[in-house]
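Chain by chain, the residues:
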Amino acid sequence: MAGYPEPIPGLVIRYSYLWKREADLGQIEGQKHRPCVVVVCVQQVDEELVVTVAPITHTPPADPDQAIALTPATRRRLELDEQKNWIMATEVNAFFWPGPDLAPTPDGRLAYGELPAVVFEKLIRKILAAGSQLPQVTRNE
């Protein structure tokens, strides 16, 4: 996956996200590529990068306090579609960077761009509030 940018926190990438409910059913592949926010990137001892991402979805959250709605201005800046989008702070995926589940955006870019700092900070606060209860799907393909 040459050419992908450094996976800095706040970067929005396109990734085949595997929902926790899908992993619990034995699935090992995400159903589709979707925008996801890089939450954290950790370099392991063996020099591999492990990236943790939170998904962005069109599906309204069951609990609005567990997601962040993207404003129309942010959606335009990232060149997402015009539909409402939410960043889900209820679960994450972790994977080695770059991985086979990355994909270019529909228009061929290798990332959508970065979230505004204020939006990313809200996401981090929600994730930290979940603490060890936050479901994580680790993908090591």
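Structural notes, computed from the coordinates.

### Some thoughts on the overall build of the chain
The number of helices and strands found in the chain is 3 helices and 8 strands. Counting helices and strands in the order they occur from the N terminus, the chain gives β-α-β-β-β-α-β-β-β-α-β. In terms of overall dimensions, the chain is globule-like: its C-alpha atoms have a radius of gyration of 14 Å, near the 14 Å expected for 141 residues. With the C-alpha coordinates aligned to their principal axes, the bounding extent of the chain is approximately 40 × 35 × 25 Å. Each of the 141 residues in the chain was classed as buried or not, and the buried ones make up 43%. For the chain, contacts bridging at least 24 residues in sequence account for 70% of all contacts bridging at least 6. Accessible surface, the chain as shown: approximately 7500 Å² in total, 55% of it carbon and sulfur.

### Description of the layout of surface pockets
Taken as a whole, the largest pocket spans an internal volume of roughly 260 Å³. Along the walls of the largest pocket sit 17 residues, with Pro-35, His-58, Leu-80, Asp-81 and Tyr-112 positioned nearest its centre. Among the elements of the structure, β2 (33–43) and β3 (49–57) are those that each provide at least two residues to the lining of the largest pocket. No other element matches β2, which puts 3 residues into the lining of the largest pocket. Taken together, the residues of the lining of the largest pocket break down into 5 nonpolar, 5 polar and 7 charged.

### A word on the packing of aromatic side chains
Tallying each qualifying case throughout the model produces 4 aromatic pairs. A centroid spacing of 6.2 Å and a plane angle of 85 degrees characterise the contact between Tyr-4 and Trp-97, whose relative ring orientation is edge-to-face. In this pair, Tyr-4 sits in the segment before β1 (11–16) while Trp-97 sits in strand β6 (residues 92–97), placing the two residues 93 residues apart along the sequence. Using a relative accessible area of 14% as the deciding quantity, one classes Tyr-4 as buried. Note on Trp-97: relative accessible area 12%, which makes it buried. Pairing Tyr-15 with Phe-95 gives two aromatic rings, centres 4.4 Å apart and planes at 15 degrees, and the pair type is stacked. With Tyr-15 in strand β1 and Phe-95 in strand β6, the pair connects residues that are 80 residues apart, well separated along the chain. One exposure class covers both Tyr-15 and Phe-95, and it is buried.

### Considering the environment of Met-88
Mapped onto the fold, Met-88 is located in strand β5 (residues 86–88). The spacing of Met-88 and Pro-7 is 81 residues in sequence and 19 Å in space, taken between C-alpha atoms. The residues contacting Met-88, other than those within four sequence positions of it, are Trp-19, Ala-54, Pro-55, Thr-57, Pro-61, Gln-66, Ala-67 and Leu-123.

### Topic: the pattern of salt bridges
All told, the structure shown has 5 salt bridges when counted by the stated rule. Put simply, Asp-24 and Lys-20 hold a salt bridge, and the shortest N to O gap is 2.7 Å. Here the residue Asp-24 and the residue Lys-20 both occupy positions in helix α1 (residues 20–24), the gap between them amounting to 4 residues, near one helical turn. For Arg-109, the salt bridge goes to Glu-79, with nearest N and O atoms at 3.8 Å. Of the two residues, Arg-109 is situated in the loop between β6 and β7 (113–114) and Glu-79 in the loop between α2 (72–78) and β5; the sequence distance between them amounts to 30 residues. Under the relative-accessibility criterion, Glu-79 is labelled partly exposed at 49%.

### Some details on the pairing of strand β8 (residues 136–139)
Along β8, the buried face is formed by Val-137 and Arg-139; none of Gln-136 and Thr-138, which line the opposite face, is buried. Where β6 meets β8, 4 bridges bridge the pair, whose relative direction is parallel. Note on β8: the bridge partner recorded for Ala-94 is Thr-138.

Reading guide: rules and limits
Sequence positions are assigned chain by chain, starting from 1 and proceeding in written order. This being a predicted model, a pLDDT of at least 70 is required before a residue's local features are given, and a value of 80 or more before pairs of side-chain atoms are given or counted; all residues contribute to the totals for chains, interfaces and linings. The side-chain figures draw on all heavy atoms in the structure; neither hydrogens nor water molecules are used. Numbered from the N terminus, helices here are DSSP runs of H or I no shorter than four residues, and strands are runs of E no shorter than two. When we talk radius of gyration, it's over C-alpha atoms, and the globule rule is simply 2.2 Å times the number of residues to the 0.38. Classification of residues uses two cut-offs on accessible area relative to the type maximum, computed with a 1.4 Å probe and protein chains only: under 20% is buried, over 50% is exposed, and between them is partly exposed. Any two residues whose heavy atoms approach within 4.5 Å at even a single point are treated as in contact. In this description, accessible areas are obtained by the Shrake-Rupley approach with a 1.4 Å probe, and a residue is regarded as covered only by the protein chains that are shown. Cavity means a closed set of points on a 1 Å grid over the protein atoms alone, one where a 1.4 Å probe fits but cannot get out, pocket means an open set with protein on both sides within 12 Å along at least 5 of 7 lines, and lining means a residue has an atom within 4 Å of a point. Grid points are joined across faces, edges and corners, and a volume is the space filled by probe spheres set on the points. Ten residues, namely Ala, Val, Leu, Ile, Met, Phe, Trp, Tyr, Cys and Pro, are considered nonpolar, four, namely Asp, Glu, Lys and Arg, are considered charged, and the remaining ones, Gly among them, are considered polar. Note on aromatic pairs: the rings of Phe, Tyr and Trp (six-membered ring only in Trp) are paired at centre separations within 6.5 Å, and the planes decide the class, stacked below 30 degrees, edge-to-face beyond 60, tilted for the rest. The working definition used for a salt bridge is a side-chain nitrogen of Lys or Arg within 4 Å of a carboxyl oxygen of Asp or Glu. In this analysis, strands are considered paired if DSSP registers two or more bridges between them.

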